[in-house]
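Summary of structural features
So the chains spell out like this:
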Amino acid sequence: MLGLPSDIWVPIQLTIELAAITTLSLLVVATPLAWWLARSRAAWKEGVAAIVSLPIVLPPTVLGFYLLILLGPDGPGGAIASLWGARTLAFTFTGLVIGSIVSSMPFVVQPIRNAFAAIGDRPLEVAATLRASPRRAFWTVALPLASPGLLTGAVLGFAHTVGEFGVVLMIGGNIPGRTRVMSTAIFDFVETMRWRDANMLAGGMVVFAFAVILSMILLEKRIARARA
Amino acid sequence: MKLTVLIAALGVLLASFAAPAGAGQTHVAVAANFTEPAKEIAALFNQKTGHEAVLTFGASGAFFTQITHGAPFEVFLSADSERPKAAVDGGFALADSLFTYAIGKLVLWSRVIDVTDGEAALKAGQFQKLSIANPVAAPYGTAAVEAMKALGVYDALQPKIVQGNSIAQAFQFVDTRNAEVGFVALSQLYGVTAGTRWEVPQTLYSPIRQDAVLLKTGADNEASKAFLDFLKGPEARAIIERFGYALN
């Protein structure tokens, strides 16, 4: 497709697939978590918030190392894999999705939490006086009001997953079509002196990152204007 | 005020790291499989000459790319003979400094199944993942593929192959038992008693000649030249042999 050799095209396809599945899973997991972090009065919630944010600070090698152990035959990943007769979740697409969810989580939770917090109590109190149940108020009031935050979270989560390298390198095993994504393919091309191919993929990444950041800035501007 | 104290403390700390006057320093790029012997050799080198060898470990392919882009290494201990030669051809290294410092041996290793008879184990294929080093970037990976092809099992095993970025990672996949079996370097199994192993017969793969070369950046560096001389000497050779390499 597009006249590209398959060892360039397959990693691109796989990366998009990985980022899309990771982003969808993250929205499902991160939205309730962000809601709880924004609304709860529990004293220990900031502890949870700190744990979720750890991947921002930790080097990917730390995440990769622990994931390799946790996904392996001695960890919970091995137990899950044994359900279908495998021994480990490392070297699998599922393993990459799990790793990407962990490492991209803070980039999704943070903007959604901020968006929920920015709504304040008042719209929800009004909804309650109109006899909306808390669940209904969440779906019909909080979620639409927080939608710019969700969009920001989704874009950042997608972009960060596309850019993930260290974790993938450590748990992937570089299998074409399953765990060989763009970032590791670039690394391979550079190592094996295929600089033209590396340049093509890397250049594409630069354009992609620029487009993501620019659209984020424009989106934020637009939201700010709409609110004013 | 506090900041000045901190900076002063840092300065003292840095000064304590600096080498004693008169002794030189050399930066050596070391192929991952040679990590352990290189550490021993560097320690002995320091003891005997006072020079310090600062070692960096990694995949030979990555080192080559870095060297051609001006990485601050003065000596290159590759896992193969092609890259040091390419460094010479490209004008990054000195031709007369080139020599084979070790000949690597390939081993099949497992912590899950019995691979004492490796040929039978490979033909039976009773495992899900087989770990090798990246065959395009790492010579031990190339040798592993050659050996499997020579045994006629490559096509059958190919779907089970997972690649480590270097031989160190290939080892780590087997060590964490994420892969049941893997091709590693004999030197990596030095002091390792876990699992079972099969030394791959040298007839099944082309010899892994590991060459060393002095880079142009180290042409006038006494410590770099001394390190290469030391590597050729009897003390270093004894260490290299002890770790399971053959010598010229």
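Residues numbered from 1 in each chain as written. Chains lettered and ligands numbered in written order. Predicted model: local features only at pLDDT ≥ 70, side-chain atom pairs only at ≥ 80, totals over all residues.

**Details of the packing of helix α2 (residues 35–49) of chain B against helix α9 (residues 222–232) of chain B**
Residues and elements named next belong to chain B. Their axes nearest at 11 Å, the elements α2 and α9 cross at an angle of 115 degrees. As the angle between them shows, α2 and α9 are arranged roughly perpendicular. Pair α2 / α9 crosses with right-handed handedness. Two secondary-structure elements touch here, α2 through Ile41, Phe45 and Thr49 and α9 through Ala226, Phe227, Phe230 and Leu231. Counted by class, the contact of α2 with α9 contains six nonpolar, one polar and no charged residues. (Axes fitted to C-alpha atoms, helices over the stretch in contact; angles between N-to-C directions. Helix = DSSP H or I, 4+ residues; strand = E, 2+ residues; numbered from the N terminus. Parallel < 35°, antiparallel > 145°, perpendicular 65-115°, else oblique. Left-handed = near helix turned anticlockwise from the far one by under 90°. Contact = placed C-beta atoms within 7 Å. Nonpolar A, V, L, I, M, F, W, Y, C, P; charged D, E, K, R; others polar.)

**What to know about the nonpolar core**
As a rule of thumb, nonpolar side chains are buried together in soluble globular proteins. B:Val75, B:Phe76, B:Leu77, B:Tyr140, B:Ile167 and B:Leu215 are the most contacted members of the largest nonpolar core, which has 119 residues in total. With nine residues, helix α5 (residues 93–119) of chain A is the single largest residue contributor to this core. Composition of this core by domain shows at least three residues from each of domain 1 (25–103 + 209–242) and domain 2 (106–199) of chain B. Those residues in contact with B:Tyr140 that sit more than four places away from it in its chain are B:Asn33, B:Ala79, B:Gly104, B:Leu106, B:Ala133, B:Ile167, B:Phe183, B:Ala185 and B:Ile208. (Core = buried A, V, L, I, M, F, W, Y, C linked by C-beta atoms within 7 Å. Buried ≥ 20, exposed ≤ 12 C-beta atoms within 10 Å, placed from the backbone. Domains from an automatic or database assignment.)

**Quick word on the domain arrangement of chain B**
Interface size, as often reported, equals the accessible area lost upon joining of the parts. All names here are of chain B. Under the domain assignment used here, chain B contains domain 1 (25–103 + 209–242) and domain 2 (106–199). A straight line from the C-alpha centre of domain 1 to that of domain 2 covers 27 Å. In this complex, domain 1 contributes eleven residues to the contact, which on the side of domain 2 involves twelve residues. For the side of domain 1 that touches domain 2, the secondary-structure elements that each account for two or more residues are α2 and α3 (60–68). Residue composition of the side of domain 1 that touches domain 2, by class: five nonpolar, four polar and two charged.

**Thoughts on the interface of chain B and chain A**
Taken together, the 16 residues of chain B in the interface contact 19 residues of chain A. Sorting elements by how many residues they give to the side of chain B that touches chain A places α3(B) first, with three residues. Among the residues making up the side of chain B that touches chain A, the classes are represented as six nonpolar, eight polar and two charged.

**Re the sheet that holds strand β10 (residues 208–214) of chain B**
Residues and elements named next belong to chain B. Spatial ordering of the open sheet is given by β2-β1-β3-β10-β4, a layout of five strands whose pairing is mixed. The open sheet has two edge strands, β2 (52–58) and β4 (99–104), and neither has a second partner. When strand polarity is set aside, the average angle formed by the axes of neighbouring strands in this sheet is 20 degrees. In the sheet, strand β1 (residues 25–31) pairs with strand β3 (residues 75–77) via three bridges, with the strands oriented parallel. Considered in β3, the bridge of Val28 is made with Val75. Along the sheet, α2 makes contact with β1, β2 and β3, crossing β2 at roughly 170 degrees. (Pairing = 2+ DSSP bridges.)

**Comments concerning the pairing of β10(B)**
Residue and element names in this part refer to chain B. Of all seven residues in β10, six are buried, a share of seventy percent or more. Pairing of β3 with β10 involves three bridges; the strand directions are antiparallel. Looking at the pairing, Phe76 lines up with Val213 of β10. In this structure, β4 lies alongside β10, joined through five bridges in antiparallel fashion. Note that in β10 the partner of Thr100 across the bridge is Asp211.

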